[in-house]
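One letter stands for each residue in the lines below.
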Amino acid sequence: MTSPVAAFSFDEPSGDVQDYSGNGHHFTLNNNLVRAVDGHTSGGLTRDGGAGTMGVVASVPFIAESNWTIMFWQRNPGNAVWWLRLFNNDENSGHGILNTGVLTARVRQPGGVNRIVTTSPPAQDNVWRHYCMTFDGTFGRLYINANLIGTTPAVTTPVPIHRIDVAEHTLTNFTMDDLRFFNLEQSQPQIQTWMNTPVAADTGAATRWRNGAGTPLTPRLLTGSGLIDLS
């Protein structure tokens, strides 16, 4: 199974958000983004209610433009906002998942052409749901709780990705957890497996679970039979 190119648990008590993929894509919480103590597993990511721009996960993108997967757990989503965006400077927009009163997974082409999948937005019911979007170079797909919701029309040329953003400022009471990025489309069974496996630091596995300084990170609680190596 393909490992993520970046994976964030948001479990750290302070400091930079650590990348548990082993690739060192840490990022600093800013723009009113803060850690929540009540994530899906341990801590999570939320906003403190203040206005601000989207949080920048990566100003130099680490995700392939023609074949990728993004996934995360989330509850209580805000309206008329991007949850996660693969941003393109020239288009002032990009690819990703947003809620404008209609939940949308979108791949953008040059000239403002959008290829989308839409569905009804989730309720503000405090229920955790797992969201995943994949792109194989031609079709984008939206999954909720590892169930395929729909597939976009064919994409001819996706716009380039210039940075990765999370949590637009009008989100008020959302919480996100276990955010992962892949440089390959994940299949439905793979999405199911990742959904059921919290982002964790497996100190018994390879150095991909170590931070940039090579220091083993504290193991996180996993449900089921214990730590799982999904290399």
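Residues numbered from 1 in each chain as written. Predicted model: local features only at pLDDT ≥ 70, side-chain atom pairs only at ≥ 80, totals over all residues. Heavy atoms only, no water.

What follows is about the overall build of the protein chain. Counting secondary structure elements, the protein chain contains one helix and 14 strands. For the protein chain, the residues scored as buried account for 52% of the 231 residues in total. Total accessible area on the protein chain is roughly 9,200 Å²; 50% of this is exposed by carbon and sulfur atoms. (Helix = DSSP H or I, 4+ residues; strand = E, 2+ residues; numbered from the N terminus. Buried < 20%, exposed > 50% of the residue type's maximum accessible area, 1.4 Å probe, protein only. Areas by Shrake-Rupley, 256 points an atom, 1.4 Å probe, with all protein chains shown as cover.)

Time to look at the confidence of the model for the protein chain. On average, the protein chain scores 84 in pLDDT, and the residues at 70 or more come to 84%. A low-confidence stretch, residues 202-231 stays under pLDDT 50, and its non-local contacts, those more than four residues away or across chains, total 55 contacts. (pLDDT = per-residue confidence, 0-100. Contact = heavy atoms within 4.5 Å.)

This part is about the nonpolar core. For soluble globular proteins, the rule of thumb is that nonpolar side chains tend to be buried together. Counting residues in hydrophobic clusters, the biggest one holds 40 residues, and the most contacted among them are Phe8, Ile70, Ile97, Ile164 and Phe181. Not counting residues within four places of it along the chain, the set of residues in contact with Ile97 comprises Ile70, Phe72, Trp82, Trp83, Leu84, Leu103, Thr104, Tyr131, Cys132, Met133 and Leu142. By size, the runner-up hydrophobic cluster in this structure holds 10 residues, among which are Trp128, Ala146, Ile191 and Met195. (Core = buried A, V, L, I, M, F, W, Y, C linked by side-chain atoms within 4.5 Å.)

Turning our attention to the side chain of Gln74. Along the chain, Gln74 falls in strand S5 (residues 68-75). Setting aside residues no more than four positions away along its own chain, Gln74 makes contact with Trp83, Val127, Trp128, Arg129, Tyr131, Phe174, Thr175 and Met176.

Within the chain, Ser42 stands out as a residue other than glycine whose phi angle is a positive 65 degrees. Position of Ser42 relative to the elements: it lies in the loop between strand S2 (33-36) and strand S3 (44-47). One non-glycine residue, Asn92, lies in the positive phi region at around 55 degrees. Here Asn92 lies in the loop between strand S6 (81-88) and strand S7 (93-99). Looking at Asn92, the relative accessible area reads 60%, which means it is exposed.

Our focus in this paragraph is the packing of aromatic side chains. Taken as a whole, this structure holds 10 aromatic pairs when the rule is applied. Relative to Phe27, the ring of Phe8 has its centre 5.0 Å away and its plane inclined at 85 degrees; by these criteria the two rings are edge-to-face. In this pair, Phe8 sits in strand S1 (residues 6-8) while Phe27 sits in the loop between S1 and S2, placing the two residues 19 residues apart along the sequence. We note that Phe8, like Phe27, is buried. Grouped by ring-pair contacts, the aromatic residues Phe8, Phe10, Phe27, Phe62 and Phe181 constitute a single cluster. Its end group placed over the ring of Phe87, Arg163 keeps NZ or CZ at 4.1 Å from the ring centre. (Phe/Tyr/Trp six-rings, centres within 6.5 Å; stacked < 30°, edge-to-face > 60°. Lys NZ or Arg CZ within 6 Å of the ring centre and 35° of its normal.)

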